[in-house]
Amino acid sequence: MSSQDYGPLLDAIRGVRWPARRTVGAALPGAHRSHQRGTSGEFTEYRLYRQGDDPRQLDWRLLARSDRAFVRLTDDRAVLPTWFVVDASASMAFPDTRTPNVVSKWQMACRVAVGLGAVAHASGDPVGLIVNAPNGPLRLGARTRRGTVGEVARMLDLVGIRADGAAAATTTLAPLLNMIPARARVVLLTDLLGDADALVKLAAQRHVAGGLVECVHVVAREELDLPSGAFVARDPDDLVLERKLDRALHASYRTAFDAFRARASQQWRATGAGYTEVCTDAAPARIVRQIVGGRPSERALT
Amino acid sequence: MSFALPWVLALAAIGVVAITVLHLLSVHRPPPMLLPTARFLPERDIRAVSRSATPNDVLLLLLRIAAIVAVGVALARPRAPRGALTTLAVVAVEPGVRIDTLVARQLVVAELGARRVQTTFVVRDQVVRSDPASLFPAATRAAARVIANTPAVDSVALFLVQGTSTRADSLTPAWRAAWPGRVAYVRTADTLAPPRRRLMLAPRSSDSDDSAVPRDDVVYAAFRWHIARVNGAMPSSSGEVLMDTVQLMRAGRGARATSTATITIDWPADGRPMTWGSRAAPDSARAIVAREAALIGTWPRLARYEAVGFGGTEYPIVWFGDGDVAAVDRPSPSGCERTVAVVPNQGSDLLLSASANGVFDALLAPCPATRTAGLRAEPAAPRIVARDGETLAPATAFRAPSDDGVDSTPQSFWWRWMPSLLLGVALLVLMLEWRVRERHALRAGAPAAVAAR
């Protein structure tokens, strides 16, 4: 395992299941309802026997009672490859973790990614990882073998990002989505301060194509509650951008930032994707449960 | 040291206070901090202002204060110390009145009390007109002359010494109103009657060029006529009779005999006195005026009087109708010499008319400062019989205002140039301040700080 202790987190989410919000495409047998109807699993309905049906699926008792031949149908289950795309741009390194008891957005994203990955892996879903590391995108193929979650954690731990932009990773995540199969479940863990509009567009396309997208919007508590005093605020993704920060500007900043977050939520949900805003001072286990719980309405069959 | 515009110093003091307060407010660039959501902050000037207990950039502050003080003092127009303020007492003595200068000074000091007093006398030899009202302009001229050279004078007191028989004429109220302060009227207990004088016209000298002038010259005739008139007007009584010899010289430019007469009349026949300049274009005047009488006629003018300096030894006594000088009086070793630039028509008897009495009275008037051996003590002490006015006249009323309306008391060379020197010093200090400011900015390594200053 990595230097971060994921033990408590994994213990807290043991037994949590993460069903897909809609039926998935036919694939290897797995935990998620599939488009395909099969003969295993839970009974759903009877259908008149047709020429060519497997006689072993006939309900003999019903035949004896009604003198009519019916076949028992059940829902099939399939696996859903789950890919985690974690944003490793300089803005994710905020705030500085050298301060005690401070969790950066990157750290929170890693914890949520490992937690969700463990949940997905426990359901038998292949789990993959893509990170836009400073030296180029890092990709860990989706796999179900034992130890996959550890590999994910170790890969995340290897990525070192610096908030000062010295080892700047690209802020664009949209090209990384093209490395993921269309019908997979994609979990984006990002602060949406890069190419948010392109991501929304791609999410809508993937949703139409049958894929599932979950957006985990990571927000630092220090971005919500600005420090007092006068500073020159610099964007780590764009060090040229400098703005004055003092108490008199807090209100206007908060108004603009809240509007941005509200707009992001509206856009993502409008595409059919899942959207969850995560603050760095929240408990990762609770966040994982919140994400896997989803919205009841989104569990409806397509 | 005083200042012509002291309110400018107040403005400079306000500027010093303001610049000091600004230096207590440090305008600095706040420390940087990384904030990924900085884009949501509104665009504002990055500089922050904070208060500090001690002024920042003490060297710059001192340079700026020095520049402000230098400019303020320069614009306030510093003036040399005037010393103890003094009152100028002008003692104007009417013609025919005599007063001891020592007695007059005692009278002045007693009247003005504990003030520092400087006394100047205006005696009859400086008075052109022989009436009381003419003392006022003479006193004004004397006061202006003294004040121009004495910056310490701040007020003027006028003492008119008059005889018991003095009567004000129609011009006296107007002249009195022109004096901007109190007037003290001093009467002498007794006024000696002016000495009687008799005029005698000296015969024409054959050695002079007057032989070129016809013997029935109208000017000669006029003088004979008017001398007889003046002599006839003199009251007959016993006592001293002064004899004034009148020598008439009609020769033009060139050598002429030295006159030993009391009154020498230099009246060249060609109308061009030797010491006068020529007119570019000869013209004529319609009248000649003297002693409030005008003699109307056509008087050709061929010469122009070029004053050496009024208020000196020459005084005009006759004028043309347009104000040009027609005759002047100046002292001579034997008395006085009167130069006339009037060209009469030889066939005219205007000079013999009553209208010419004023002109010839002026030409035949007793010479100034003759027959008066200084000012002799009066047998009885003079006294102030009346005071007209509340306050003394301010000295500023006698100083010519400068173009900017500021007191134009004469200053020494250094005091005159001090404002310019101070402005130059201020310029040098500002240049030094600019250099220091640039050096500080370079040391800070922030070019934006130069713009921020």
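Computed from a predicted model, the values in this text were never measured in an experiment. (Residues numbered from 1 in each chain as written. Chains lettered and ligands numbered in written order. Predicted model: local features only at pLDDT ≥ 70, side-chain atom pairs only at ≥ 80, totals over all residues. Heavy atoms only, no water.)

K.L.:
What is the right way to read the overall build of chain B from this model?
P.N.:
The helix and strand tally for chain B stands at 9 helices and 19 strands. Buried residues in chain B amount to 43% of all 453 residues. Of the roughly 23200 Å² that chain B leaves accessible, carbon and sulfur atoms contribute 60%. (Helix = DSSP H or I, 4+ residues; strand = E, 2+ residues; numbered from the N terminus. Buried < 20%, exposed > 50% of the residue type's maximum accessible area, 1.4 Å probe, protein only. Areas by Shrake-Rupley, 256 points an atom, 1.4 Å probe, with all protein chains shown as cover.)

K.L.:
Help me understand the packing of aromatic side chains in this model?
P.N.:
The relative placement of two aromatic rings is captured by the distance of their centres and the angle of their planes. Inspection of the entire model under this criterion finds 10 aromatic pairs over all chains. Both rings, one in A:Phe260 and one in B:Phe40, keep their centres 5.0 Å apart while their planes meet at 40°; by these two values the pair is tilted. A residue pair is termed interchain when its members come from two chains, as with A:Phe260 in helix 8 (residues 250–270) and B:Phe40 in the loop between strand 3 (32–34) and strand 4 (48–51). What makes A:Phe260 buried here is its relative accessible area of 12%. Classification of B:Phe40 by relative accessible area gives buried; the value is 12%. Here the aromatic rings of B:Phe223 and B:Phe360 are separated by 5.0 Å at their centres, their planes lie at 80°, and the arrangement is edge-to-face. (Phe/Tyr/Trp six-rings, centres within 6.5 Å; stacked < 30°, edge-to-face > 60°.)

K.L.:
Hey, could you run me through the interface of chain A and chain B in this one?
P.N.:
With 28 residues of chain A in contact, the opposing surface of chain B contributes 20 residues. A buried area of about 2400 Å², summed over both sides, lies between chain A and chain B, and 71% of it is on carbon and sulfur atoms. If you sort the residues of chain A by the area they bury against chain B, A:Val232, A:Arg243 and A:Lys244 come out on top, with a joint share of 27%. The tally of links from chain A across to chain B stands at 2 salt bridges. Among the ionic pairs, B:Arg39 bridges to A:Asp235, the shortest N-O distance being 3.2 Å. Mapped by element, the contributors of at least two residues to the side of chain A that touches chain B are strand 8 (231–235), strand 9 (238–245) and helix 8 of chain A. When residues in the side of chain A that touches chain B are grouped by element, the largest group, 6 residues, is from strand 9 of chain A. (Contact = heavy atoms within 4.5 Å. Buried area = accessible area lost by both parts, 1.4 Å probe. Salt bridge = Lys/Arg side-chain N within 4 Å of Asp/Glu carboxyl O.)

K.L.:
Which parts of the structure should I look at to understand the sheet that holds strand 3 of chain B?
P.N.:
Two strands in a sheet stick together by hydrogen bonds in their backbones, pointing the same way (parallel) or opposite ways (antiparallel). Sheet architecture is open: 3 strands sit in the order 9(A)-8(A)-3(B), paired in mixed fashion. The open sheet has two edge strands with one neighbour each: strand 9 of chain A together with strand 3 of chain B. Neighbouring strand axes in the sheet, compared pairwise and without regard to direction, differ in orientation by 35° on average. Two elements, strand 8 of chain A and strand 9 of chain A, share 5 bridges in a ladder whose sense is antiparallel. Note on strand 9 of chain A: the bridge partner recorded for A:Arg234 is A:Glu242. (Pairing = 2+ DSSP bridges. Axes fitted to C-alpha atoms, helices over the stretch in contact; angles between N-to-C directions.)

K.L.:
Can you help me understand the sheet that holds strand 4 (residues 127–133) of chain A in this one?
P.N.:
Residues and elements named next belong to chain A. An order of 5-4-3-6-7-10 is seen for the 6 strands of this open sheet, with the pairing classed as mixed. At either margin of the open sheet sits one strand with a lone partner, and together these are strand 5 (136–143) and strand 10 (274–279). Averaged over all pairs of adjacent strands, the angle between strand axes in this sheet comes to 15°, irrespective of strand direction. Alignment of strand 6 (residues 185–190) against strand 7 (residues 212–219), held across 6 bridges, turns out to be parallel. Paired with arginine 185 across the strands is leucine 212, a residue of strand 7.

K.L.:
Please explain unusual backbone geometry as it appears in this structure.
P.N.:
Peptide bonds are mostly trans, and most non-glycine residues show a negative phi. Backbone torsion omega between A:Phe94 and A:Pro95 reads -5°, so that peptide bond is classified as cis. When you line up the elements, A:Pro95 lands in the loop between strand 3 (82–86) and helix 3 (105–122). Here B:Arg77, not a glycine, exhibits a phi torsion of approximately 60°, which is positive.

K.L.:
Is there a simple way to explain the pattern of salt bridges in this structure?
P.N.:
Side chains that differ in sign of charge can pair as their charged atoms come close. Residues and elements named next belong to chain A. This model, assessed by the stated rule, comprises 34 salt bridges over all chains. With a shortest N-O distance of 2.6 Å, arginine 98 and aspartate 96 are connected by a salt bridge. Classification of aspartate 96 by relative accessible area gives partly exposed; the value is 37%. Linked by salt bridges that have partners in common, Arg221, Asp225, Arg254, Asp258, Arg261, Glu277 and Asp281 make up one network.

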